[in-house]
Amino acid sequence: MLIWQADFYRRPLGDTTGQPLWELLICDPSRNFEYLAFCPQSQANSTWLTQQLQQATQTEKPDVIWVFRPQSLSLLEIAATALGIPVKPNRRTTTLKQCLQQRVEDYPKLAGYTNEPYKPIDLDKPPPVPIPENLWGDVWRFATLPAGEIVDAFSDRPIPFLEMPDFLHPIHLKLPSTVPVPGIVINGGRQSMQLARWLAENQPVSLHYIPGSLDGLILEAGLVDRWVLATFEDAEVSEAAKMFTERKQLTKGLHFLLVQPDDSGMTYSGFWLLRAE
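Residues numbered from 1 in each chain as written. Predicted model: local features only at pLDDT ≥ 70, side-chain atom pairs only at ≥ 80, totals over all residues. Heavy atoms only, no water.

Quick notes on the pairing of strand β10 (residues 204-210)
Let me state the cut-off plainly: For every residue, the accessible area obtained with a 1.4 Å probe (protein chains only) is divided by the maximum for its type, and the residue is called buried under 20%, exposed over 50%, and partly exposed between those limits. Secondary structure elements follow DSSP: runs of H or I no shorter than four residues count as helices, runs of E no shorter than two count as strands, and numbering proceeds from the N terminus. Strand pairing is defined by DSSP finding a minimum of two bridges between the two strands.
Across the seven residues that make up β10, a large majority, five, are buried. In this structure, β10 lies alongside strand β11 (residues 215-221), joined through six bridges in antiparallel fashion. When the sheet's bridge partners are listed, Leu-207 is paired in β11 with Leu-219. Counted between consecutive antiparallel strands, the loop separating β10 from β11 contains four residues.

As structure tokens, then:
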């Protein structure tokens, strides 16, 4: 599958009339392909983007375009749809983000540089909100799975919602097969499928323990969304949460989220391998 990563947003540049300049930057994960174009803010629309994508795809057409910036998403969706290219929101645009950070060094050399503060990959994130009450299951717990068993244990099971991207397989992260990968298991009971479906729609990215007067477990999802998965005051649970965080450091950030109806091990509703960017 040919994946392009794209960003379209204003940069710390202006044209001769003082209009902010917007930049379209496209690359593939290997950086064998890169495409760059500028336009004044007055032309920053889907029509201009469609024209640029037509030029960019003269040699090869991607199967999908990944976009990490919410402000870019709708314009790129409209422009790419006109060419029959699907656009998907995805935080994991590592190569593109590296390109954007490198471009910061180029802007001061260009005419129209505004010298304004500019952080190319920082996004405003809303405060975390609780997941809908009607989705919450019966019980949840911290758990671990041996790194060497994760892929085999879930890849061949008929799990309705399964997300195990190849680059997150423990073997590709060079993890020892015996290292315990930490995670969260939710017994959803009758809500199990509903919860798994909601999670799949919101695209889980990572889980984080946030200590405080009321400890919390935060789910990062989508492009910038944050959800309160659970809160707790129990000292034993807090210790388990600290261990969860420590174990993530030993697995290069790899962890998992498992949703199942119960502890029988007979059926699973959803399984996600997770890792912060």
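Back to the write-up after that little detour.
Digging into the UniProt feature "domain: RNA-binding protein Tab2-like N-terminal" (unreviewed entry) in the chain
We count it as follows: UniProt positions are given in the numbering used here, feature names are shortened, and annotations may be inferred rather than shown by experiment.
UniProt feature "domain: RNA-binding protein Tab2-like N-terminal" (unreviewed entry): in the numbering of this structure it lies at residues 3-103. Along residues 3-103, the helical share is 33% and the strand share 34%, with 21 Å between the first and last C-alpha atoms.

Some details on the environment of Asp-225
For clarity, the cut-off: Any two residues having at least one pair of non-hydrogen atoms within 4.5 Å are treated as being in contact.
If you trace the backbone, Asp-225 turns up in strand β12 (residues 225-232). The class for Asp-225 is partly exposed, based on a relative accessible area of 28%. Sequence separation between Asp-225 and Val-129 is 96 residues; the distance between their C-alpha atoms is 8.9 Å. When residues no more than four places from it in sequence are discounted, the contact partners of Asp-225 are Arg-91, Leu-219 and Glu-220.

Quick notes on the sheet that holds strand β3 (residues 34-40)
Heads up, the rule is: Angles run from 0 to 180 degrees between N-to-C directions of axes, and those axes are lines fitted to C-alpha atoms, restricted for helices to the stretch in contact.
With respect to topology, five strands assemble into an open sheet ordered β3-β2-β1-β4-β5, the strand pairing being mixed. Edge positions in the sheet fall to β3 and β5 (87-89), since each of these pairs with one other strand and no more. For this sheet, the mean inter-axis angle between neighbouring strands, taken without regard to orientation, is 30°. Both strand β1 (residues 3-14) and strand β4 (residues 64-67) contribute to a ladder of four bridges, which runs parallel.

A look at the packing of aromatic side chains
Our working rule: Ring pairs shown here join Phe, Tyr and Trp side chains whose ring centres sit within 6.5 Å, with only the six-membered ring taken for Trp; geometry is labelled stacked below 30 degrees between planes, edge-to-face above 60, and tilted in between.
Tallied over the entire structure, the rule returns 13 aromatic pairs. Plain terms: the ring middles of Phe-154 and Phe-271 are 3.9 Å apart, the flat faces sit at 10° to each other, and that makes the pair stacked. With a gap of 117 residues between them, Phe-154 in helix α4 (residues 150-155) and Phe-271 in strand β14 (residues 270-274) connect regions that are remote in the sequence. For the pair shown, Phe-154 and Phe-271 are each scored as buried. Their ring planes at 15° and their centres at 6.1 Å tell us that Tyr-209 and Phe-232 sit as a pair that is stacked. One end of the pair, Tyr-209, is in strand β10; the other, Phe-232, is in strand β12, with 23 residues separating them in the sequence.

Examining unusual backbone geometry
One non-glycine residue, Asn-115, adopts positive backbone phi at about 65°. Residue position: Asn-115 is located in the loop between α3 (94-103) and β6 (129-130). The exposed category is assigned to Asn-115, whose relative accessible area is 59%. We note that Lys-252 has phi near 55°; this positive angle belongs to a residue other than glycine. Looking at where Lys-252 falls in the secondary structure, it is placed in the loop between α6 (235-250) and β13 (255-260). Assessed through its relative accessible area of 42%, Lys-252 is described here as partly exposed.

Concerning the environment of Asn-32
So the rule is basically this: Under the rule applied, a polar contact is a pair of N or O atoms within 3.5 Å (in protein, one hydrogen donor and one hydrogen acceptor; residues adjacent in sequence only if both atoms are side-chain atoms).
Here Asn-32 lies in the loop between β2 (20-27) and β3. In this structure Asn-32 comes out as exposed when scored by relative accessible area, which is 69%. Taking C-alpha positions, Asn-32 is 31 Å from Asp-225, a pair spaced 193 residues apart along the chain. In this structure the side chain of Asn-32 is engaged in a polar contact, spanning 2.8 Å, whose partner is the side chain of Ser-30.

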